[in-house]
Amino acid sequence: MNRQFVNRHTIGEDLTAGLVLGIQSIPDGLANGLLALINPIYGLYGYMMGTFTGAFFTSSAFMTIQATSAMALVVASVPQITRGPDPNAPLFTLAILTGLFMLAAGLLKLGSLVRFVPNAVMTGFVNAVAVLIILGQLDDFTGFSTTGANRIVRTFDLLQNLGQVHLPTLMIGVLTIILILTLEKTSLKSLGIVVAMVVASLAVPLLGANDVALVRDVAYIPDSLPRPMLPSLAAVPGLIIPALALTFVGLMQGAGISQSIPNPDGTYPDASGDFVGQGVANIASGLFQGTVVAGSLSATALVVSAGARSRFANIFAGLVMAVTIMFFARFVGAIAMPSLAGLLIVVGFRTLKPDRIAMVWRTGVVQQAVMALTFLAALFIPLQYAVLLGVALAVVLYVFQQSNKITVKAWEIGPGQYPVEKVPPVVVPGGQVTILMPYGSLFYAAAPVFSAQLPEVTETSRHAVVILTLRGQKDVGSTFLNVLTRYAEQLRGQGSKLMLAGVEPYVLTQMERTGIVQTIGRTNIFPASEGVGEALLQAVEAAEQWIASSPGEGVDLPQRRSRIESDAMEDEE
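Position labels on residues start from 1 in each chain and follow its written sequence. Per-residue local features of the predicted model are confined to residues with pLDDT of at least 70, and side-chain atom pairs are confined, for both listing and counting, to 80 or more; whole-chain, interface and lining totals are unaffected and use all residues. To obtain the side-chain values, all non-hydrogen atoms of the structure were used and water was disregarded.

Caption draft 1: Up close: the overall build of the protein. Counting from the N terminus, the helices are the DSSP runs of H or I reaching at least four residues and the strands are the DSSP runs of E reaching at least two. In terms of regular secondary structure, the protein is built from 26 helices and 8 strands. Our radius of gyration is a C-alpha quantity, and the globule rule it is checked against amounts to 2.2 Å times the number of residues to the power 0.38. Compactness check: the protein gives a C-alpha radius of gyration of 32 Å against a globular reference of 25 Å for 573 residues, more than 25% above the reference. The principal-axis extents of the C-alpha atoms in the protein amount to approximately 110 × 60 × 50 Å. Exposure classes here rest on a 1.4 Å probe applied to the protein chains alone. A residue is buried below 20% of its type maximum, exposed above 50%, and partly exposed in between. By the burial criterion, 52% of the 573 residues in the protein qualify as buried. Any pair of residues with heavy atoms lying within 4.5 Å of one another is described as a contacting pair. Counting contacts in the protein only where the partners sit at least 6 residues apart, residues at least 24 apart contribute 81% of the total. Here the open area of atoms and residues is found with the Shrake-Rupley method and a 1.4 Å probe, where only the protein chains shown may cover a residue. Element-wise, carbon and sulfur atoms account for 63% of the exposed surface of the protein, whose accessible area totals about 25,500 Å².

Caption draft 2: Up close: the layout of surface pockets. Volume-wise, the largest pocket comes out at about 1,100 Å³. Around the largest pocket, the lining comprises 42 residues; the ones closest to its centre are Ser-296, Leu-297, Ser-298, Thr-351 and Lys-353. Those elements that place two or more of their residues in the lining of the largest pocket are helix 1 (11-35), helix 3 (69-76), helix 6 (119-136), helix 12 (236-258), helix 14 (297-305) and helix 17 (337-351). Counting residues per element, the lining of the largest pocket draws most heavily on helix 17, at 6 residues. Only protein atoms enter the 1 Å grid, on which a cavity is a set of points fitting a 1.4 Å probe that cannot get out and a pocket is an open set with protein on both sides within 12 Å along at least 5 of 7 lines, lining residues being those with an atom within 4 Å of a point. Grid points are joined across faces, edges and corners, and a volume is the space filled by probe spheres set on the points.

Caption draft 3: Region of the structure containing empty space enclosed by the protein. One pass over the structure, following the stated rule, counts 2 cavities of 30 Å³ or more. Put simply, the second largest cavity is a space of about 30 Å³. Lining of the second largest cavity is provided by Leu-436, Phe-450, Leu-454, Val-466, Leu-468, Leu-484, Tyr-487 and Leu-498. Elements with a contribution of two residues or more to the lining of the second largest cavity: strand 6 (465-469) and helix 22 (478-493). Here the term charged refers only to Asp, Glu, Lys and Arg, the term nonpolar to Ala, Val, Leu, Ile, Met, Phe, Trp, Tyr, Cys and Pro, and the term polar to all other amino acids, Gly among them. Of the residues contributing to the lining of the second largest cavity, the split by class is 8 nonpolar, no polar and no charged.

Caption draft 4: Fine view of a nonpolar patch on the surface. Taken together, Ile-241, Leu-373, Leu-376, Phe-380, Ile-381, Tyr-385, Leu-388 and Leu-389 make up a surface patch of nonpolar side chains, about 690 Å² in accessible area. Of all the secondary-structure elements, those providing two or more residues to the nonpolar patch are helix 19 (365-380) and helix 20 (383-403). With respect to the helices and strands, the residue Ile-241 is situated in helix 12. Look at Ile-241 and you get partly exposed, because its relative accessible area is 36%. Here the term patch refers to residues with relative accessible area over 30% and no salt bridge, with like charges joined within 9 Å and nonpolar side chains (Val, Leu, Ile, Met, Phe, Trp, Tyr) within 5 Å. Here, a salt bridge means any side-chain nitrogen of Lys or Arg that lies within 4 Å of a carboxyl oxygen of Asp or Glu.

Caption draft 5: Representation of the side chain of Ser-296 within the structure. Considering the arrangement of structural elements, one finds Ser-296 in the loop between strand 2 (294-295) and helix 14. Any pair of nitrogen or oxygen atoms within 3.5 Å is treated as a polar contact; in protein, a donor-acceptor pairing is required on top of that, and neighbouring residues in sequence qualify only through side-chain atoms on both sides. A polar atom in the side chain of Ser-296 sits 3.2 Å from the backbone nitrogen of Ala-299. If sequence neighbours within four positions are ignored, Ser-296 has contacts with Thr-64, Gln-66, Thr-68 and Ile-257.

Caption draft 6: How the structure looks around the pattern of salt bridges. Taken as a whole, this structure holds 4 salt bridges when the rule is applied. Residue Glu-412 pairs with Lys-422 through a salt bridge whose shortest N-O separation is 3.1 Å. Of the two residues, Glu-412 is situated in strand 3 (residues 407-412) and Lys-422 in strand 4 (residues 420-422); the sequence distance between them amounts to 10 residues. The class for Lys-422 is partly exposed, based on a relative accessible area of 38%. Here Glu-504 and Lys-474 are joined by a salt bridge, their closest N and O atoms 3.6 Å apart. Residue Glu-504 is located in the loop between strand 7 (497-503) and helix 23 (505-514), and its partner Lys-474 is located in the loop between strand 6 and helix 22; the two are separated by 30 residues in the primary sequence. Residue class for Glu-504 comes out buried when judged on its relative accessible area of 11%.

Caption draft 7: View of the pairing of strand 3. DSSP-based pairing: two strands are paired if at least 2 bridges between them are found. Summarising the sheet, strand 3 and strand 5 (residues 433-439) pair through 5 bridges and their orientation is antiparallel. Bridge pairing in strand 5 places Thr-407 opposite Tyr-439. As judged from the 3 bridges shared by strand 3 and strand 4, these two strands associate in the antiparallel manner. Looking at strand 4, one finds that Ala-410 is bridged to Lys-422.

Caption draft 8: Summary view of the packing of helix 3 against helix 6. To define axes, lines are fitted to C-alpha atoms, for helices over the stretch in contact only, and angles between the resulting N-to-C directions are given on a 0 to 180 degree scale. For the pair helix 3 and helix 6, the least separation of the axes is 10 Å and the interaxial angle reads 70 degrees. Considering the angle they form, helix 3 stands roughly perpendicular to helix 6. Handedness of the helix 3/helix 6 crossing: left-handed. Side by side, helix 3 and helix 6 meet where Ser-69, Ala-70 and Leu-73 of the first sit next to Phe-125, Val-129, Leu-132 and Ile-133 of the second. A breakdown of the residues in the contact of helix 3 with helix 6 according to their chemical character gives 6 nonpolar, 1 polar and no charged. Every angle not falling under 35 degrees, over 145, or within 65 to 115 is termed oblique; those three ranges are roughly parallel, roughly antiparallel and roughly perpendicular. By definition, any crossing whose near helix is turned counterclockwise from its far helix by less than a right angle is left-handed, and any crossing with a clockwise turn is right-handed.

Caption draft 9: Up close: the sheet that holds strand 7. Read from one edge to the other, the open sheet built from 6 strands follows the order 4-3-5-6-7-8, with strand pairing classed as mixed. Across the chains shown, the open sheet's two edge strands, defined by having one partner strand only, are strand 4 and strand 8 (525-527). This sheet shows a mean twist of 25 degrees between the axes of neighbouring strands, independent of strand direction. Running at roughly 140 degrees to strand 7, helix 23 makes contact with strand 7 and strand 8 of the sheet.

Next up, the structure:
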């Protein structure tokens, strides 16, 4: 883990990168607070504490921990924060609780679990967040206060009342967007965002548009650093689900940084180590009156492109924000609200991922359904539930899909030849050895599909042996074992046998614990060995010897059943 906080050979580059990130983060932090429907200063406090504290604890040397747009929208959907009598205490408590969950995930080394989250879920969620960011700024962008149950309904309300749009407010918002898109293409690059917002805000008094809302009209901007505040334990029960959703979203976004931006030595960070850093940063943010934070891919890319060479770039960026709050608070309060809204609209459009939508859409029907339903859910229900719904839906559809992928094939092995794979017979042929090879997972949902593909046992299936190869199946459930039990009993009823080849050690333990070994017979089970196919050949040899030494078709069924029952008793002994 890279823990070099300052590289004296690159201190100049780190100072420059930190200055760029620190200045650019000031309007971003305020805009994020606005997006979360909280006091904008809490968004800036979160940026300051997350960026500064996270730099000391993440596995990544460059990860910038700030409040992301997706997480801000989740915060905005928490009733205790947006509609409660005292929204500040729940907000800070939510940040601390999310930090504890993230810290626990890191300490438990759960970084590898992010690979189980489907890309379709994140694609649907991220694009829904982008749409919500854009629609959520229309009030401040147009100066018209809409009404409705959600952002979609409020957008239709705006479209029906376009005549009530406040033109000076709209002009400032449009001017901000034009300036951002123009100045970013100059040598100012990322600092063009700051310049654009300053110029657009200065245009308010120059145009005499004194009725355009400013940040100080919405919230008080103190000129001092935040004091520590303890969490509200009474608010914890109602914040558990939002905190889990924020943990999931934040860790997924952070994992994207861990997997894409290497450390100075060329190695990639440990995702679990980055979980720890994000957890500590959230705890610090909540204690010092900040909102929920996580690894920000855009901010990390900015500090790296600005020339960062060590952790000191993020540390210095946090100090820049602190100095700005202490000495330039009144200038921060003079930023025009439609200017912040314009910035967020630009962020929203850049958050849209049409290329990822196209890729998921071409993948298949299941992925299309997961993405579309996650997208729609995020638009109409609180985001913390939409995230969990998307993951649950993906799991259910995955189980359904995998349960239908189980395939059973029949093998024929000639002397000195490779196995020949064929379609299994419809009925177990009497007096013969039938080798069956299942492909796919044999977990509980797939067991009925597996059972349906087994050859049927009829009165013609006498004096036969079915060998089922289980090599590679590391774990089977009780549902599958019940299928084996029923099939073994059906074969025994016709004077035939079921043999199992290549049984892995844990599967054999499961069979012994559940009594399946006694049902099938211990001598009919051939454990897996280092030699591939060795257990199968042993089973084939035993099956052929049993058929050759047992009575043929001339013995009537009652006598044959008596003989098989005697054999089974010997097997159990």
